[in-house]
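Now for the letters of each chain:
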Amino acid sequence: METETTDKSAEISSTAEKSVGFSQVKAVATAWMLDFSFVCLCRHFKDGELDEFNQILSAFRAIAESVSLRAHHVQKRNICAFLARVLHGKHLDMQYEEDDHVMPLMSAANIWPALRDTVADESLFNNIANLLLIQSVAVCLEKGQRSMASSALKWFEEKHDFPENIRVKLSTVVTQRDTYHPFLLSFSFSRLLETVQSFLDAYLEKNPSDYLLQAATEAAKSSEHREATDHLEPRDETLSETLNRTAEKSRNRNRRETAQLRAKKKLLSTKITDVWKPESCKKPVVVLKRTNGIEIFRETTQPESSKKSVNASRISKPRKKWTYKLDKNLKDGVKRHGTGKWSLILQEYDFEGRTGTMLKDRWRVLVRAQKVS
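Residues numbered from 1 in each chain as written. Predicted model: local features only at pLDDT ≥ 70, side-chain atom pairs only at ≥ 80, totals over all residues. Heavy atoms only, no water.

Asks: What am I meant to see in the pattern of salt bridges here?
Replies: Where charged atoms of side chains with opposite charge meet at close range, the side chains can pair. For the structure shown, the criterion picks out 10 salt bridges. Here Asp-35 and Lys-76 are joined by a salt bridge, their closest N and O atoms 2.7 Å apart. With Asp-35 in helix α2 (residues 22-47) and Lys-76 in helix α4 (residues 71-87), this residue pair connects regions lying 41 residues apart in the sequence. Asp-35 gets classed as buried once you look at its relative accessible area, which sits at 15%. (Salt bridge = Lys/Arg side-chain N within 4 Å of Asp/Glu carboxyl O. Helix = DSSP H or I, 4+ residues; strand = E, 2+ residues; numbered from the N terminus. Buried < 20%, exposed > 50% of the residue type's maximum accessible area, 1.4 Å probe, protein only.)

In structure tokens, the structure reads:
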């Protein structure tokens, strides 16, 4: 009976393949992959995972450039472009547009008006627009770049409309060079991230984009169920039968591991590695670029000579010590966001290239030294 059912299923599948062209199947699968990549990017943005975001962004880019996008996927592509700029908001050397003076948050402000139709709440749209302006100036002041802060404010005055009271307050802040001005603290970078996340939550609720995610979840649950049941032994077996079956499983597993090990050694052969070794092992940084709404992706790489000099400087450069200012930033960050929120703290303060793990280790040192409670 089971064999007949299997044969019928195979016959139905074969008939379906003949009635539907491969190009149609490919188009549907590609749409699912784009949706899945989009959901992953939204999740990595929420968690402040910059490296993971960039990795998925590369996959999203490759898929998006391989097909003609429909309107809703063009919309998602633009949202991804916006998220990339916001997430890189404190990286002032990151370039998205031809003009070198346009920093990531300023470029995000250029894209944001094109997403107006995706925001149901008008007040939310205006809040994000204002936060992009304020943080474009605030980030420059935080990095000690007053001239860049003034240029950013002037750029917004020429390119975008925003409330006059905000312009006046920002002008005062730039003149005073007050990085910790109450106005900037009330419209912080973390608040910008939280507000953008509110926009994403509302968008995903209206446009779930989760078919492939749900299918993968069900498959994972099914796999876990099979792995769990594999370890359960029938109660009516004798002890000898159980031992024999366990021994057979062990032998099969050893044979599989041996075969995998041989295959792995073969794949890692030096001959193959030499044949396929690229000229440079350094991965290009993938960023998104806005050019007339058509070309939205861009890769930036460094020349080989500059790469060698940068690598040499990194090797010879000694580890920087934790200064009083860095410790103060860490304490303020923990006070604002709480212990363990290292990614948010990194977004809020400048730690001169340190990672979340370094922040966690330094906090432990301060706790042991009883410099913090």
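Asks: It is not clear to me how helix α10 (residues 189-206) should be interpreted in this structure. Could you clarify?
Replies: Along an α-helix, residues three or four positions apart point the same way, because every turn accommodates 3.6 residues. For α10, with 18 residues, the first-to-last C-alpha span of 26 Å sits near the 26 Å given by 1.5 Å per residue. What α10 keeps buried is the set Phe-189, Ser-190, Leu-192, Leu-193, Thr-195, Val-196, Gln-197, Phe-199, Leu-200 and Tyr-203. Contacts from the buried residues of α10 go to α2, α4, α5 (104-111), α6 (122-142), α15 (324-337) and α16 (342-348). (Expected span 1.5 Å × (residues − 1). Contact = heavy atoms within 4.5 Å.)

Asks: Could you clarify how one ought to interpret the packing of α6 against α10 in this entry?
Replies: In a pair of packed helices, the angle between the axes and the distance between the axes together describe the arrangement. For the pair α6 and α10, the least separation of the axes is 9 Å and the interaxial angle reads 150°. By the angle class used here, α6 and α10 are roughly antiparallel. Relative to α10, the crossing made by α6 is left-handed. In this structure, α6 contributes Leu-124, Asn-127, Ile-128, Leu-131, Leu-132, Gln-135 and Val-139 to the contact, and α10 contributes Phe-189, Arg-191, Leu-192, Thr-195, Val-196, Ser-198 and Phe-199. Of the residues in the contact of α6 with α10, the class split is 9 nonpolar, 4 polar and 1 charged. (Axes fitted to C-alpha atoms, helices over the stretch in contact; angles between N-to-C directions. Parallel < 35°, antiparallel > 145°, perpendicular 65-115°, else oblique. Left-handed = near helix turned anticlockwise from the far one by under 90°. Nonpolar A, V, L, I, M, F, W, Y, C, P; charged D, E, K, R; others polar.)

Asks: When you look at the packing of α5 against helix α7 (residues 146-159) in this model, what are you seeing that I'm missing?
Replies: Where α5 meets α7, the closest approach of the two axes is 11 Å, and the angle between their N-to-C directions is 10°. The orientation of α5 relative to α7 falls into the category roughly parallel. Where α5 approaches α7, its residues Met-106, Ala-109 and Asn-110 are matched on the opposing element by Ala-152, Trp-155 and Phe-156.

Asks: Mind showing me how you'd approach unusual backbone geometry here?
Replies: Backbone geometry follows two general trends: most residues other than glycine have a negative phi, and most peptide bonds adopt the trans configuration. We note that Arg-177 has phi near 55°; this positive angle belongs to a residue other than glycine. Looking at the secondary structure, you find Arg-177 in the loop between α8 (164-176) and α9 (182-186). Residue classification places Arg-177 among the exposed residues on the basis of a relative accessible area of 55%. Residues other than glycine seldom take positive phi values, yet Glu-352 does so here, at roughly 55°. Relative to the elements of secondary structure, Glu-352 occurs in the loop between α16 and α17 (356-368).

Asks: Just to check I follow, could you spell out the packing of aromatic side chains for this structure?
Replies: Think of a pair of aromatic rings as described by two things: how far the centres are apart, and how the planes are tilted against each other in angle. Scanning the entire structure with this criterion turns up 9 aromatic pairs. Between Phe-82 and Trp-112, the aromatic rings sit 4.8 Å apart at their centres with planes inclined by 25°, giving stacked as the arrangement. Linking Phe-82 in helix α4 with Trp-112 in the loop between α5 and α6, this pair joins segments that are 30 residues apart in sequence. Taking the relative accessible area as the measure of exposure, Phe-82 reaches 0% and is therefore buried. Residue Trp-112 is classed as buried on the basis of its relative accessible area, which comes to 1%. Seen in terms of ring centroids, Trp-155 and Phe-156 are 5.0 Å apart; in terms of plane orientation they differ by 85°. Their pairing is edge-to-face. In this pair, the class of Trp-155 matches that of Phe-156, namely buried. Grouping aromatic residues by their ring pairs yields a cluster made of Phe-38, Phe-82, Trp-112, Phe-125, Phe-199 and Tyr-203. One residue, Lys-328, lies across the ring of Tyr-180, its end atom 5.2 Å from the ring centre. One Lys or Arg, Arg-354, reaches over the ring of Trp-322 and ends 4.7 Å from the middle of that ring. (Phe/Tyr/Trp six-rings, centres within 6.5 Å; stacked < 30°, edge-to-face > 60°. Lys NZ or Arg CZ within 6 Å of the ring centre and 35° of its normal.)

Asks: Where do I start with the side chain of Lys-76 in this structure?
Replies: The buried category is assigned to Lys-76, whose relative accessible area is 4%. Within the structure, Lys-76 has its side chain in polar contact with the side chain of Asp-35 (distance 2.7 Å). (Polar contact = N/O pair within 3.5 Å; in protein donor to acceptor, adjacent residues only side chain to side chain.)

Asks: Whenever I open this one, the layout of surface pockets confuses me. Can you help?
Replies: To find the voids left in a structure, one rolls a probe of water-molecule size over its atoms. Each pocket or cavity is described by its volume, and for the second largest pocket that value is around 400 Å³. Around the second largest pocket, the lining comprises 22 residues; the ones closest to its centre are Glu-142, Thr-179, Tyr-180, Glu-348 and Tyr-349. Secondary structure elements with two or more residues in the lining of the second largest pocket: α6, α9 and α15. The element best represented in the lining of the second largest pocket is α15, accounting for 5 residues. (1 Å grid on protein atoms, 1.4 Å probe; cavity = no way out; pocket = protein on both sides within 12 Å on 5 of 7 lines; lining within 4 Å. Points joined across faces, edges and corners; volume = space filled by probe spheres on them.)

Asks: Got a minute to help me understand the state of the cysteines in this structure?
Replies: The bond known as a disulfide is covalent and runs between the sulfur atoms of two cysteines. For the structure on display, the rule yields 0 disulfides. Cys-42 provides the cysteine sulfur closest to Cys-40, a residue in no disulfide bond, and the two sulfurs are 9.2 Å apart. No disulfide involves Cys-42; its nearest neighbouring cysteine sulfur is the one of Cys-80, lying 6.5 Å away. The exposure class assigned to Cys-42 is buried, which follows from its relative accessible area of 3%. (Disulfide = S-S within 2.5 Å.)

Asks: Mind showing me how you'd approach the nonpolar core here?
Replies: Looking at soluble globular proteins, one finds that nonpolar side chains tend to be buried together. Phe-45, Phe-82, Leu-83, Trp-112, Leu-132, Leu-170 and Phe-199 are the most contacted members of the largest nonpolar core, which totals 62 residues. The greatest single-element share of this core, amounting to 12 residues, is contributed by α6. The residues contacting Leu-170, other than those within four sequence positions of it, are Leu-133, Ile-134, Val-137, Leu-153, Phe-183 and Leu-184. In this structure, Leu-326, Trp-363, Leu-366 and Val-372 belong to the second largest nonpolar core, which totals 11 residues. (Core = buried A, V, L, I, M, F, W, Y, C linked by side-chain atoms within 4.5 Å.)

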